[in-house]
Amino acid sequence: MTQKIMDKRHNTIVNEIVDSIRQVIIRNKVTNTELWLAIDFLNETGRSEHEMALLLQAFFESTTCVARNNESRGSAVAIEGPYFLEGAPEIAHGGEIKTLAEEDGEPIIIRGKVTDVDGKPIENVTLDVWHSTPVGTYSGVMPGIPEDHYRGKLTTDADGLYEVRTTKPVPYQIPHDGNTGKILEGLGRHAWRPAHIHFKARGEGLLEHITQVYFEGEEYVDSDCCTGVCDELVLGFTNENGVKVITKNFVLDAAA
Ligand code: MBD
Ligand code: FE
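Computed from a prediction, not measured in an experiment: that's the story for all the values here.

Visitor: How would you explain the packing of aromatic side chains if you had to name every residue and give the values?
Guide: Summed over the entire model, instances satisfying the criterion amount to 8 aromatic pairs. Here Tyr83 and Tyr172 contribute two aromatic rings whose centre-to-centre distance is 5.8 Å and whose plane-to-plane angle is 80 degrees, an arrangement assigned as edge-to-face. Pair noted here: Tyr83 is in the loop between α4 (51-71) and β1 (95-96) and Tyr172 is in strand β6 (residues 172-173), with a separation of 89 residues, a long-range link. The exposure class of Tyr83 is buried, given its relative accessible area of 13%. When the centroid spacing of 5.2 Å and the interplanar angle of 70 degrees are considered together, the rings of Phe199 and Phe250 count as edge-to-face. Note that Phe199 is positioned in strand β8 (residues 196-202) and Phe250 in strand β13 (residues 250-252), a separation of 51 residues in sequence. Across the pair, Phe250 and Phe199 agree in class, each one buried. Here the aromatic residues Tyr83, Tyr138 and Tyr172 are joined through ring pairs into a cluster of three or more.

Right under this line is the structure:
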């Protein structure tokens, strides 16, 4: 493991990180006292379980997506977040994701087409879909909601199509009682993510494709605390017999 990561790429990245931080110190005349404040802050973050992951995910996971989207011919990817679970129930075309009746969510339909970069439909793509409950929690992660709810595994048909029914997710506030919350607050930012639906597309010969969709005009779309929103992923609803429909198409890159 250690041997494997100590390669040229590793050295390049570590050197560039160190150099970037040194430039920040020089430009801003950061003092030794201030460096120690940062050291104490990071030590404290590391002592609190999950807090370092939360901090780094909130600030940098979306940047890995920017890097990939800059290079890719496929549709935009977005952050995975912490709540994907393997083993979601399989749902037939047009079927329904399990939701809690007592939570009274707004019904929505999610559908779309999956193609390769040349526009050819791809059959048999496995499409995991997961999203918050109507009160902004996640099943299987937070107590009280069975993990086979608010999650589903779909498969594209011969025309690359998929369709599923579920309920509309709502905005979600990331944990903000620790150092991640402190940093956001210091920057004058809140800890909310706009309502979103997560997707993970996988198939033979395809590059794994993780993304999200957001809803046009809704709260926090312009101020996601995880900076995970890009224009391409903000979609409007259409209306079909009184039910809101989101059409999310996917263009998937071939595996390298
Ligand atoms: C989420 O639901 C999420 O999508 C991200 C990126 C971070 C925290 C919670
Ligand atoms: Fe999420």
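Past the structure itself, the notes keep going.
Visitor: Which residues make up the packing of helix α3 (residues 32-47) against α4, and what values go with them?
Guide: Viewed as axis vectors pointing N to C, α3 and α4 meet at an angle of 115 degrees, and their least axial separation amounts to 6 Å. Contact residues: α3 offers Phe41, Leu42, Thr45 and Gly46, while α4 offers Glu51, Met52 and Leu55.

Visitor: Got a sec to walk through the coordination of the iron ion (ligand 2)? Specific residues and values, please.
Guide: Taken together, the protein donors to the iron ion (ligand 2) comprise Tyr138 (OH), His196 (NE2) and His198 (NE2), at separations of 2.0 to 2.1 Å. Here the donor residues of the iron ion (ligand 2) are spaced in sequence according to Y-x57-H-x1-H. Each member of the pair, His196 together with His198, is buried.

About the criteria used
- Residues numbered from 1 in each chain as written.
- Chains lettered and ligands numbered in written order.
- Predicted model: local features only at pLDDT ≥ 70, side-chain atom pairs only at ≥ 80, totals over all residues.
- Heavy atoms only, no water.
- Phe/Tyr/Trp six-rings, centres within 6.5 Å; stacked < 30°, edge-to-face > 60°.
- Helix = DSSP H or I, 4+ residues; strand = E, 2+ residues; numbered from the N terminus.
- Buried < 20%, exposed > 50% of the residue type's maximum accessible area, 1.4 Å probe, protein only.
- Axes fitted to C-alpha atoms, helices over the stretch in contact; angles between N-to-C directions.
- Contact = heavy atoms within 4.5 Å.
- Donors = N, O, S within 2.8 Å, 3.2 Å for Na, K, Ca; no water.

Note that all results are geometric; they support no functional claim without further evidence.
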